[in-house]
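# An overview of the molecular structure
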Amino acid sequence: MTNNNPIGVFDSGIGGTSIWSAIHDLLPNEKTIYLADSKNAPYGQRTKEEIVALSKKNVDLLLDLNCKLIVVACNTATTNAIVELRASYDIPFIGIEPAIKPAANNSKTQVIGILATQGTLNSELFNKTAEMFQHTTIIEQVGHGLVQLIEDGNLYSPEMTQLLDSYLQPMIDANIDYLVLGCSHYPYLIPQIKKILPEHIRIIDSGEAVARQTQNVLREKVGFTDEQNSDPVFYVNSNPEVLKSILDYKFPVIEKDF
Ligand code: DGL
């Protein structure tokens, strides 16, 4: 089965590029279109209704651009809107959720930490998954302010270090041995997080798992492209410089109102 249409990827902003890059590494020949809804970031403090409406707006644009499959590269949008998206559109969706399972199953201390947005931690989907791991103590922490600092291009600011320190120190004190990054923006913080965490604490994010899942769905339901080396397209509706810089100026970024 061959399908040369692009894979659509969206996030509330630039963070989902961490997921996009895992997909691009695994499936380099697939055409990809990435939407960074930076104008409406952060999604994390919005109501479920707002998150569903913003997600549908992004999906409508990706469908206008002929996408064959949509990756919701945002934990907040996945945990609040993917059920509604699947019910409303006839196209496969792949979402990301905080990777509680590998952390809980491998934890020796049976204490794990999850850093995510308020929208994700309050969602029904997240809480249902968390309930399945009763034997594990899950320390949930909202990453207040982190997404905004990343969207503003302040990845390495003293304020960022201070916030991370205040979120992670209580987890270290509680003896976590796994830290789950439950927001697609947070993998960009790994260098700073590593400076704070003791070496034995493992950090888990969902990028590679989402890329493998994308590959499976293409194989089983949608079809791979038979073209080669398709250049990705990035659309952003505010602050294009920050997206360009997170992509190391390797790909063109188009500013568009959506
Ligand atoms: N990158 C997002 C996530 O994975 C959303 C962050 C936000 O907009 O608050 O949750």
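Residues numbered from 1 in each chain as written. Predicted model: local features only at pLDDT ≥ 70, side-chain atom pairs only at ≥ 80, totals over all residues. Heavy atoms only, no water.

## Observations concerning the pattern of salt bridges
Applying the stated criterion across every chain, the model contains eight salt bridges. With a shortest N-O distance of 3.1 Å, Lys48 and Glu84 are connected by a salt bridge. Residue Lys48 is found in helix H2 (residues 48-64), and its partner Glu84 is found in helix H3 (residues 75-88); the two are separated by 36 residues along the sequence. On the basis of relative accessibility, which here comes to 25%, the residue Glu84 falls in the partly exposed class. (Salt bridge = Lys/Arg side-chain N within 4 Å of Asp/Glu carboxyl O. Helix = DSSP H or I, 4+ residues; strand = E, 2+ residues; numbered from the N terminus. Buried < 20%, exposed > 50% of the residue type's maximum accessible area, 1.4 Å probe, protein only.)

## Section: the sheet that holds strand S8 (residues 202-204)
Read from one edge of the open sheet, four strands run S6-S5-S7-S8, paired in parallel fashion. Either end of the sheet is taken by a strand with one partner, and the two such strands are strand S6 (137-142) and S8. Sheet twist, expressed as the average angle between the axes of neighbouring strands with direction ignored, equals 20°. In this sheet, S8 lies alongside strand S7 (residues 178-182) in parallel orientation, the contact comprising three bridges. Across the sheet, residue Tyr178 finds its bridge partner in S8, namely Arg202. (Pairing = 2+ DSSP bridges. Axes fitted to C-alpha atoms, helices over the stretch in contact; angles between N-to-C directions.)

## Some words on the state of the cysteines
Within the structure shown, the criterion is met by zero disulfides. A disulfide-free cysteine, Cys67 has its sulfur positioned 17 Å from the sulfur of Cys74, the nearest such atom. In this structure Cys67 comes out as buried when scored by relative accessible area, which is 7%. The cysteine Cys74 is free of any disulfide, with Cys183 supplying the nearest cysteine sulfur at 6.7 Å. With a relative accessible area of 3%, Cys74 lands in the buried category. (Disulfide = S-S within 2.5 Å.)

## Topic: the environment of Lys256
The residue Lys256 is located in the segment after strand S10 (253-255) in this model. Of the residues examined, Lys256 reaches a relative accessible area of 32% and is grouped as partly exposed. Through-space distance from the C-alpha of Lys256 to that of Phe234 is 9.8 Å; in sequence the pair is 22 residues apart. With near-sequence residues (within four places) excluded, Lys256 lies in contact with Leu61, Tyr235, Val236 and Asn237. (Contact = heavy atoms within 4.5 Å.)

## A short note on the packing of aromatic side chains
To describe a pair of aromatic rings, one takes the distance between the centres and the angle between the planes. Summed over all chains, the structure comprises five aromatic pairs. Ring centres 4.9 Å apart and planes at 70° place the aromatic pair Trp20 and Phe234 in the edge-to-face group. Separated by 214 residues along the polypeptide, Trp20 in helix H1 (residues 17-26) and Phe234 in strand S9 (residues 233-236) bring together distant segments of the chain. The class of Phe234 is buried, set by a relative accessible area of 0%. Their ring planes at 65° and their centres at 6.1 Å tell us that Tyr89 and Phe93 sit as a pair that is edge-to-face. Its relative accessible area of 16% is what places Tyr89 among the buried residues. A relative accessible area of 5% means that Phe93 is categorised as buried. Grouping aromatic residues by their ring pairs yields a cluster made of Trp20, Tyr34, Phe234 and Phe251. Lying over the aromatic face of Tyr235, Lys256 brings its terminal NZ or CZ to 5.9 Å of the ring centre. (Phe/Tyr/Trp six-rings, centres within 6.5 Å; stacked < 30°, edge-to-face > 60°. Lys NZ or Arg CZ within 6 Å of the ring centre and 35° of its normal.)

## A look at the side chain of His24
Topologically, His24 is positioned in helix H1. Assessed through its relative accessible area of 17%, His24 is described here as buried.

## As for the nonpolar core
Judged by nonpolar contacts, the single largest core of 51 residues is most densely connected at Ile23, Leu164, Leu179, Leu189 and Leu243. With six residues, the single largest contributor to this core is helix H8 (residues 158-173). Excluding its chain neighbours within four sequence positions, the residues that come into contact with Leu243 are Ile14, Thr17, Ala36, Phe234, Val236 and Val253. Within the second largest apolar cluster, 23 residues are counted, among which are Phe10, Leu61, Cys67 and Val72. (Core = buried A, V, L, I, M, F, W, Y, C linked by side-chain atoms within 4.5 Å.)

## Quick word on the sheet that holds strand S3 (residues 69-72)
Strand order in the open sheet made by the six strands is S4-S3-S1-S2-S9-S10, with parallel pairing throughout. Of all the strands in the sheet, just strand S4 (93-95) and S10 have a single pairing partner and so form its edges. Sheet twist, expressed as the mean angle between neighbouring strand axes with direction ignored, is 20°. Relative to S4, S3 runs parallel, the two being bridged by three bridges. By the bridge assignment for S4, Ile70 is matched with Phe93.

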